[in-house]
There are 2 protein chains.
Amino acid sequence: MQVDRAVAKKGIKSEASEGSARRKAALDRRSIAESAVRIADAEGLAKLSMRRLAQSLGVEAMSLYNHVRNKDDLLGAMVEHVASGFYRPDPEAADWKAEMHRRGIRAHDQMLRHPWSPPLIAGRVNDGPEMLGYVDATLGCLFAAGFDAADADDAWNAMDSYIYGYTQLALSFPFQPEEYAQVAAEYLPHLPKERLPHLYAMTEAVATYRHKGMHRFEFGFEMILDGLVQRRAGQG
Amino acid sequence: MQVDRAVAKKGIKSEASEGSARRKAALDRRSIAESAVRIADAEGLAKLSMRRLAQSLGVEAMSLYNHVRNKDDLLGAMVEHVASGFYRPDPEAADWKAEMHRRGIRAHDQMLRHPWSPPLIAGRVNDGPEMLGYVDATLGCLFAAGFDAADADDAWNAMDSYIYGYTQLALSFPFQPEEYAQVAAEYLPHLPKERLPHLYAMTEAVATYRHKGMHRFEFGFEMILDGLVQRRAGQG
DNA sequence: CGCCGCAGGCTTACAGTGTAAGTTTTCCTG
DNA sequence: CAGGAAAACTTACACTGTAAGCCTGCGGCG
């Protein structure tokens, strides 16, 4: 209802492609969320305040509250934006494992693109239409593959646990893969060898071995998928 | 009045003291962190402010900064406290899979006990001694099992991704397992059946099926472990 | 045309945050 | 007991989300 009105309003004041200095014309829930995403991408979620966001839209902070209930609601809208980039598995597809594989990779990539998103996606109740549609497609594909409700629930849980967990860990790791070797070499002298012998050995190895780089996400994800395939097979 | 207030506060927190008049409190890093953990457990991380924490210790906010660099440092100390409850796999153990299994279960349980902890554990750089010792023991056990550095890295990553991801998702799910059936039944009429057919079917099933309850964490975790075992076997 | 309602902007204000800077108290040691 | 260091305290500042209320310009109606 509120959305409908906002959309209608926007349509009315479509203002014939005005190139004027006043950019405040496009103030609605979606454009606010998009601007918020842009700020969070560029400067981090911590820097995203209502005032900062309003400023980027050429408006005062409190004006945002005409389009967004509160900051939490705004975060929900941002999650929806991210979720709109997720892949929805196709229930009609022949190869369900391939669908799920693609789903996982895309979610991982999309969250890497918006590094602030995993805590929000995994740490809140997200029941926007985009997210629900995503879930619906996923369940549909699993059902079509022969999973019953309980199995689909388990499968979905297992996959998403890994997807979110891996992405979150990857994002909070303080170094880029290309840096590993050099950083390891620098840390090595400061590591108490007798207190942490295995971590020392590990660091030593990292300092010298050529890092594989790619496919690290898929290493564990494939284990989950294979486990699911196996379970499906063993169960008719 | 200043004296009165001081006396009153001392009285409030006197339960843990040994009754000596000059003993105000054992205010050090550890006891501060423990108090912080207690508050976060009871009231949530959002309610944990420096002032609130200081108050619980019968002290002013700024006094904490004599023992803790800043709030982030405090969070680190809280993580260390949680990590002290993790299980350190034994490199000497015969059955490395059992060790890793136990490690995962314990980490999961420990984080459930401190629901605010997963975002901190997975979302920050935690290099306290407790956490490093935990990592060292884990690597040691994997090395002893025959993993080389790269494989151990992959294995460790895969396991922890699942552990953190699953725990985080479980914690942010808004209902308890026992409620599932009833909540599903209540939601069902509000779900747009034609827009979200599979989610509808799922909810319908949840409303009727008897929930398994236990072993949901292990469902996916076992897949990871089995995948690791298999990989180890195939590689001599 | 004039007027009115009101959506959506704006201003002000408040309680709360982390913490820098500076002051006072407390305690240990010589 | 003197002096100095450690630690607690006070004050202050910049910043947060947002409640309450005001103002303005636009669309619809008599």
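Residues numbered from 1 in each chain as written. Chains lettered and ligands numbered in written order. Predicted model: local features only at pLDDT ≥ 70, side-chain atom pairs only at ≥ 80, totals over all residues. Heavy atoms only, no water.

As annotated in an unreviewed UniProt entry, chain A carries the name TetR family transcriptional regulator and is attributed to Oceanomicrobium pacificus.

Student: Before we go on, may I ask you to explain the environment of B:Glu130 in this structure?
Tutor: Residue and element names in this part refer to chain B. Along the chain, Glu 130 turns up in helix H7 (residues 129–144). Spatially, the C-alpha atom of Glu 130 lies 6.1 Å from that of Ala 83, the residues being 47 residues apart in sequence. Apart from the residues within four sequence positions on either side, Glu 130 is in contact with Glu 80, Ala 83, Ser 84 and Arg 88. (Helix = DSSP H or I, 4+ residues; strand = E, 2+ residues; numbered from the N terminus. Contact = heavy atoms within 4.5 Å.)

Student: Can you help me understand the protein's contact with DNA strand C in this one?
Tutor: In the vicinity of DNA strand C lie 18 residues, with A:Ser63, A:His67, B:Arg51, B:Tyr65 and B:Lys71 positioned nearest. Restricting the count to atoms of DNA strand C within 4 Å of the protein gives a sugar and phosphate share of 51%. A distance of 2.7 Å separates a base nitrogen of DNA strand C from a polar atom in the side chain of B:Arg51. A distance of 2.7 Å separates a phosphate oxygen of DNA strand C from a polar atom in the side chain of B:Tyr65. Classifying every residue of the surface near DNA strand C gives seven nonpolar, five polar and six charged. (Near = heavy atom within 4 Å. Polar contact = N/O pair within 3.5 Å; in protein donor to acceptor, adjacent residues only side chain to side chain. Nonpolar A, V, L, I, M, F, W, Y, C, P; charged D, E, K, R; others polar.)

Student: Just checking my understanding: could you explain the UniProt feature "DNA-binding region" (unreviewed entry) in chain A for this structure?
Tutor: Cross-referencing UniProt, the feature "DNA-binding region" (unreviewed entry) maps to residues 49–68 of chain A in the present numbering. As annotated, residues 49–68 of chain A comprises 35% helix and 0% strand, and the C-alpha atoms at either end are separated by 14 Å. (UniProt positions renumbered as here; feature names shortened; annotations may be inferred.)

Student: Even after reading the chapter, I still don't get the pattern of salt bridges, so can you show me in this structure?
Tutor: Two side chains carrying opposite charge are able to pair once their charged atoms lie near each other. Residue and element names in this part refer to chain A. Under the counting rule described, the total for this entry stands at 22 salt bridges over all chains. Arg 69 is paired through a salt bridge with Asp 73; the nearest N and O atoms lie 3.9 Å apart. Taking the shortest distance from any N to any O, the salt bridge between Asp 72 and Arg 124 comes out at 2.9 Å. Highlighted residues: Asp 72 in helix H4 (residues 71–83) and Arg 124 in the loop between helix H6 (117–123) and helix H7 (129–144), separated in sequence by 52 residues. Assessed through its relative accessible area of 48%, Asp 72 is described here as partly exposed. The network of salt bridges with common partners includes Arg 29, Arg 69 and Asp 73. (Salt bridge = Lys/Arg side-chain N within 4 Å of Asp/Glu carboxyl O. Buried < 20%, exposed > 50% of the residue type's maximum accessible area, 1.4 Å probe, protein only.)

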